[in-house]
Amino acid sequence: MAISLSHFPILSWLLLALVCNSFTEAATVTYNFNITWVRANPDGAFERPTIGINGKWPLPIMEATVGDRVIVNVDNQLGNQSTTLHFHGIFQNGTGTMDGPAGVTQCDVPSGSKMTYNFTVHQPGTYWYHSHNKGQYPDGLRAPFIIHDPNFPYKDKVDQEFVLSVSDWYHKEMRVLIPKFIYKGNPTGAEPVPQAALMNDTQNLTISVQPGKTYLFHMVNIGAFAGQYIWFEGHNMTIVEVDGVYTEQAEADMIYLSAAQRCSFLVTTKNETTANYAVVASMDTSLFDILPPTLNYNSTGWLVYDKAKDLPTPAFKDELVEFDDFTLVPYDKTPLFTEPDQVISLDVIMDNLGDGKPYAFFNNITYVFPKVPTLYTVMSAGNNAVNPLVYGEFTHSFVLAKHQVIEIVVNNLDSGKHPFHLHGHNFQTIVRSDEDAGVFDAKNSSQIQYPAIPMRRDTLVLHPNGHMVMRFKADNPGVWLFHCHIEWHMDQGLIVTMVEDPLEIQKVITIPDDHIAACKAGNKPYTGNAAANTLNYLDLSGENVAPKPLPAGFTARGIVALVFSCIAAILGMAVIVWYGMADMGAASKAEEQRRIAQSNREDASRGSGTSSEIKE
């Protein structure tokens, strides 16, 4: 069944408060998460180890109301892996230690250790929480996080709320898949293709509805890789929120959610109960290098008006044309930010390094985790914190000044889509090109016709061989990642770091004792520069570095040719050895002896003009 928020006590309290038209002071919402391995088989095809919470999977949906204090007590009992939690889309203004990426704002939490996340939510809307550690969350550690708003602008239209997640699903664990992906035997960087598509972490989902009602759906793509096309047969969707930003109402018959994107929309049901209707989420197969013939890339649910009636097979779609989110207008109508104070231009490149493995790059730099979490370097570096050198070459750090307008230009030099996410902010999207439009040119008047009221969200899809331009204000001191949210690409290093107003960070943030304890438990340094040097912050000797570049002239295609040439040579040699060592049998030996004798006679004839016979 779909998950109706009317069944949750916190929403019942909220509705009661709305009726009374008065509100008590903000609450404290506490979650105790014992993180362990469980077993799950959501697609009915393969049972596998999955990361659960409190012995269960799927995971609980987190909920709170605007202004609430949220406390999440994490007890890592996985036994064989560390972990963290990131609350995706939450700005963590003033609580940057709670953002969650391992090696960035904290050390990972070792098995057997505990950590508390403690923050206040000021943003309404649809979010999610997930592990942000070593590519872990596709193993199951991810679920929606809904923040209710007593002042939701469309509250008078809503009869009931539902939460829907869509995701891809793999039968193997990430600790198995990642080494086979970032591997010299995979020089083109072909990403692992999922085995299934899920809706609310299951298949054949049913959503009971009543005629003539309006439902608010909170939808989240919690997948690792695949974007999803989503449509409700026989019904339109009225978009009212994306990534925590309320929008003017916008009608859509199909939407697209990349990994990490969210959308809330209204669906008004029909006035009769004569049929049930399919709800379809279809994985974006253009992202896959291969399409396995056995893969069902659709997940299907149903709006059930009458349980006694059939659940219809979805109609075939000739083409998938999604609503263009660039055209959305924020409800608050925040105008275009002023000309930027700082422009960060990033070129997306997928290539190999000298170890022959596939990596992802911004401007020829692939991200490598520092020895000390970047936020902890900020806290211990004193005035050196304003110097990006202290964070190391391979964290690819940019230092942002207080209250400046920052513009990020991203040029996609790759033939695939990339959903880019910014921690700590959402951003105005002022340019997003079509596919194959090439790089951005600020001098080209046709490319700089910016919208007066740009769409805002925190995760945006960049089209193949295209470009996009975003702006945000540096009004949230902290250390924030900007990265591709295809988990495979993040594992490959498609990340940069924004160190925002570092001297102010030192004034407003205190690292909690249990966060330092996690570093100690994992035997990891928590002071010093990226190389853990506490004596000279400009001495990066010993920092973690990327492999050396390929020799000049080597390309992924060349590596593929070399690999297959080597394989062919090895197979050829194996055949020769096998042939030489095989037992030929008596008849074959006699035939081979006759062949050799005949060859010798021919050689002798050519040498002396006579022939001879060699008898046995």
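Since we're looking at a predicted model, the values are computed, not measured.

1. Observations regarding the state of the cysteines
One pass over the structure, following the stated rule, counts one disulfide. Bridging Cys 107 to Cys 519, the disulfide has an S-S length of 2.1 Å. Across the S-S bond linking Cys 107 and Cys 519, the dihedral sits near 95°, which makes this disulfide right-handed. Placement of Cys 107 in the loop between strand S6 (86-88) and strand S7 (114-120) and of Cys 519 in helix H6 (residues 513-521) is noted, with a sequence separation of 412 residues between them. The residues Cys 107 and Cys 519 share a single accessibility class, namely buried.

2. With respect to the packing of aromatic side chains
The description of an aromatic ring pair rests on the distance of the ring centres and on the angle between the ring planes. All chains considered together, the criterion is met by 24 aromatic pairs. For the ring pair Phe 225 and Phe 288, a centre distance of 5.4 Å and an interplane angle of 50° mean the geometry is tilted. Of this pair, Phe 225 sits in the loop between strand S13 (214-221) and strand S14 (228-232) while Phe 288 sits in the loop between strand S19 (277-283) and strand S20 (298-304); the two residues are 63 residues apart in sequence, bridging distant segments of the chain. With respect to class, Phe 225 is no different from Phe 288; both count as buried.

3. Details of the pairing of S20
Summarising burial for S20: six of the seven residues are buried, a large majority. Note: strand S12 (residues 205-208) against S20, four bridges, orientation parallel. Pairing of Ile 207 across the sheet is with Leu 303, part of S20. Note: S19 against S20, six bridges, orientation antiparallel.

4. Considerations on the sheet that holds S6
If you trace the four strands from one edge of the open sheet to the other, you get S4-S9-S8-S6, paired in mixed fashion. Every other strand in the sheet has two partners, leaving strand S4 (62-65) and S6 as the edge strands with one partner each. Put simply, the sheet's adjacent strands are angled 25° from each other on average, direction ignored.

5. Quick notes on the pattern of salt bridges
Applying the stated criterion across every chain yields a total of 18 salt bridges. Among the salt bridges present, the one from Glu 47 reaches Arg 39, with a minimum N-O distance of 2.8 Å. The exposure class assigned to Glu 47 is partly exposed, which follows from its relative accessible area of 44%. Here Glu 173 ties to Arg 175 by a salt bridge, and the two come within 2.9 Å at their closest N and O atoms. Overlapping salt bridges bring together Asp 243, Arg 262, Asp 324, Asp 325, Arg 432, Arg 457 and Asp 458 as one network.

6. Notes on H6
Among all positions of H6, only His 515, Ile 516, Ala 518 and Cys 519 are buried. An end-on view of H6 places all buried positions within 150° of arc, on one side of the element. Relative to its buried face, H6 has exposed residues pointing more than 90 degrees away, namely Asp 513 and Lys 520. Next to the buried residues of H6 lie S7 and helix H3 (374-380). Positioned one or two residues after H6, Asn 523 has a phi angle of 55°, which is positive.

7. What about the layout of surface pockets?
Its volume calculated, the largest pocket comes out at about 510 Å³. Along the wall of the largest pocket there are 28 residues; nearest its centre are Ile 182, Phe 369, Met 490, Asp 491 and Gln 492. Looking at the lining of the largest pocket, the elements with two or more residues in it are helix H2 (174-181) and helix H4 (487-492). Here the lining of the largest pocket takes four residues from H4, the largest share from any one element. For the lining of the largest pocket, the class distribution of residues is 15 nonpolar, nine polar and four charged.

8. Concerning the sheet that holds strand S21 (residues 342-352)
Judged by pairing direction, the sheet is mixed, and its six strands sit side by side in the order S22-S21-S24-S29-S26-S27 without closing on themselves. Looking at which strands have only one partner, the edges of the open sheet turn out to be strand S22 (358-362) and strand S27 (455-457). Mean inter-strand twist for the sheet, computed between neighbouring axes without regard to direction, equals 30°. Bridge count between strand S24 (residues 405-412) and strand S29 (residues 467-473): seven bridges; the pairing is antiparallel. Its bridge partner being in S29, Ile 408 is matched across the sheet by Met 470.

9. Quick notes on the confidence of the model for the protein chain
On average, the protein chain scores 90 in pLDDT, and the residues at 70 or more come to 86%. pLDDT under 50 marks residues 6-24. Its contacts with residues more than four places away, or in other chains, come to 24 contacts. When the criterion is pLDDT under 50, residues 574-590 qualifies, and its contacts beyond four places in sequence or with other chains add up to three contacts.

10. Some words on empty space enclosed by the protein
Taken as a whole, this structure holds four cavities of 30 Å³ or more when the rule is applied. Its volume calculated, the largest cavity comes out at about 50 Å³. If you go around the largest cavity, the residues you meet are Phe 225, Gly 227, Tyr 256, Ser 258, Ala 259, Leu 287, Lys 417, His 418, Pro 419, Val 461 and Ile 486. When grouped by side-chain class, the residues that make up the lining of the largest cavity number seven nonpolar, three polar and one charged.

11. Some details on the side chain of Ser 82
Position of Ser 82 relative to the elements: it lies in the loop between strand S5 (69-76) and S6. A polar contact is formed between the side chain of Ser 82 and the side chain of Asp 108, at a distance of 2.6 Å. Setting aside chain neighbours within four positions, we find Ser 82 in contact with Asn 76, Asp 108, Val 109, Pro 110, Ser 111, Asn 133, Lys 134 and Gln 136.

Thresholds applied
Residues numbered from 1 in each chain as written. Predicted model: local features only at pLDDT ≥ 70, side-chain atom pairs only at ≥ 80, totals over all residues. Heavy atoms only, no water. Disulfide = S-S within 2.5 Å. Helix = DSSP H or I, 4+ residues; strand = E, 2+ residues; numbered from the N terminus. Buried < 20%, exposed > 50% of the residue type's maximum accessible area, 1.4 Å probe, protein only. Phe/Tyr/Trp six-rings, centres within 6.5 Å; stacked < 30°, edge-to-face > 60°. Pairing = 2+ DSSP bridges. Axes fitted to C-alpha atoms, helices over the stretch in contact; angles between N-to-C directions. Salt bridge = Lys/Arg side-chain N within 4 Å of Asp/Glu carboxyl O. Arc of directions from axis to C-beta. Contact = heavy atoms within 4.5 Å. 1 Å grid on protein atoms, 1.4 Å probe; cavity = no way out; pocket = protein on both sides within 12 Å on 5 of 7 lines; lining within 4 Å. Points joined across faces, edges and corners; volume = space filled by probe spheres on them. Nonpolar A, V, L, I, M, F, W, Y, C, P; charged D, E, K, R; others polar. pLDDT = per-residue confidence, 0-100. Polar contact = N/O pair within 3.5 Å; in protein donor to acceptor, adjacent residues only side chain to side chain.

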